[in-house]
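Spelled out from the first residue to the last, the chains are:
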Amino acid sequence: MKSSPASVPDDIEFAGELLRKAERTVVLTGAGISTPSGIPDFRSEGTGLWAHEEPLEVASLSTFRTHPERFYEWFRPLATQIFDARPNQAHLALTRLEKEGRLGWIVTQNIDLLHQKAGSSNIIEMHGTLATLSCTQCYQKVNSLPYLKPFVEEGKTPRCPNCGAVLKPDVILFGEQLPQKAWFTAQRASRACDLMIVAGSSLEVLPVAGLPMQAIDRGAHLLIINNSPTYLDVRADVVLHANVVDIIPAIVEQALNG
Ligand SMILES: [Zn+2]
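Residues numbered from 1 in each chain as written. Predicted model: local features only at pLDDT ≥ 70, side-chain atom pairs only at ≥ 80, totals over all residues. Heavy atoms only, no water.

**Q** Break down the overall build of the protein chain for me, with residues and values.
**A** Helices and strands together make up the secondary structure of the protein chain, namely 10 helices and 9 strands. Here the C-alpha atoms of the protein chain give a radius of gyration of 19 Å, agreeing with the 18 Å that 2.2 N^0.38 yields for 258 residues. Dimensions of the protein chain, computed from the C-alpha atoms along their principal axes, are close to 55 × 35 × 30 Å. Here the protein chain, with 258 residues, has 51% of them falling under the buried criterion. (Helix = DSSP H or I, 4+ residues; strand = E, 2+ residues; numbered from the N terminus. Rg over C-alpha atoms; globule rule 2.2 N^0.38 Å. Buried < 20%, exposed > 50% of the residue type's maximum accessible area, 1.4 Å probe, protein only.)

Put into structure tokens, the structure is as follows:
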């Protein structure tokens, strides 16, 4: 770390100072910002959701192509949690920051739409989105809401209004490429920012985990808020191993009114 303030309140004050001075801030969010809203971490073991099926297999493009019903059966509890989830104080603080004109982009690894529900607009969804579904046959794209409700409530597999084929959520499954436009926009934003805030990501999933490196290599400050250590803790200006819900609102408040 370039500086080591002695306590959490000092760290928050210093982080708020960095945020107040920054002109182009990018926030990278991961599962840790959504777990306080009741959405289990996709990739961590022992969350129940992953207990019966191997996610790498069932949430893969090949399983979806060959056995979409297996995918949907596995996906239903998660979709239900996402459908019911409400944004938390960390999401809302980022929205406040954006509305004050102090936040450039939210780059998110999440597919749960909680940044959207919180009212944020400049969102880059690296792992796709649950907001839309696409037809696997005729490529028709539809808004997911009218399909998700019957799916969550009755288990009805979403089917294309055009041709009747199974619709696929526009989320990135294992074995799928990241959406190109999102990836390029995120890289450009990361290289141009002067402050990168990592919020609730352990920076374990490439290539998204490399974005903060692109930022600091070009002179940006780095602030990391995550429950567990990351590979970039040693290069961050401030590291807070804490829950984002406790920290982000405090930092935003400090930056706007401190
Ligand atoms: Zn179709």
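**Q** Could you give an account of the coordination of the zinc ion, naming the residues involved and the relevant values?
**A** Around the zinc ion, the donor atoms from the protein are C135 (SG), C138 (SG), C160 (SG) and C163 (SG), and they sit 2.3 Å away. Coordination of the zinc ion draws on donor residues from a single chain, spaced C-x2-C-x21-C-x2-C in sequence. Owing to a relative accessible area of 2%, C135 belongs among the buried residues under this scheme. (Donors = N, O, S within 2.8 Å, 3.2 Å for Na, K, Ca; no water.)

**Q** Would you mind going over the sheet that holds strand 9 (residues 238-240) in detail, with residue names and values included?
**A** With parallel pairing, 6 strands are arranged side by side in an open sheet as 3-2-1-7-8-9. Edge positions in the sheet fall to strand 3 (123-125) and strand 9, since each of these pairs with one other strand and no more. Taking each pair of neighbouring strands and ignoring which way they run, the sheet shows an average axis angle of 15°. Examined bridge by bridge, strand 7 (residues 195-199) and strand 8 (residues 221-225) share 5 bridges and lie parallel to one another. Residue pairing across strands places L195 opposite H221, the latter belonging to strand 8. Relative to the sheet, helix 8 (residues 180-192) contacts strand 1 (25-29), strand 2 (105-108), strand 3 and strand 7, its axis offset from that of strand 3 by approximately 130°. (Pairing = 2+ DSSP bridges. Axes fitted to C-alpha atoms, helices over the stretch in contact; angles between N-to-C directions. Contact = heavy atoms within 4.5 Å.)

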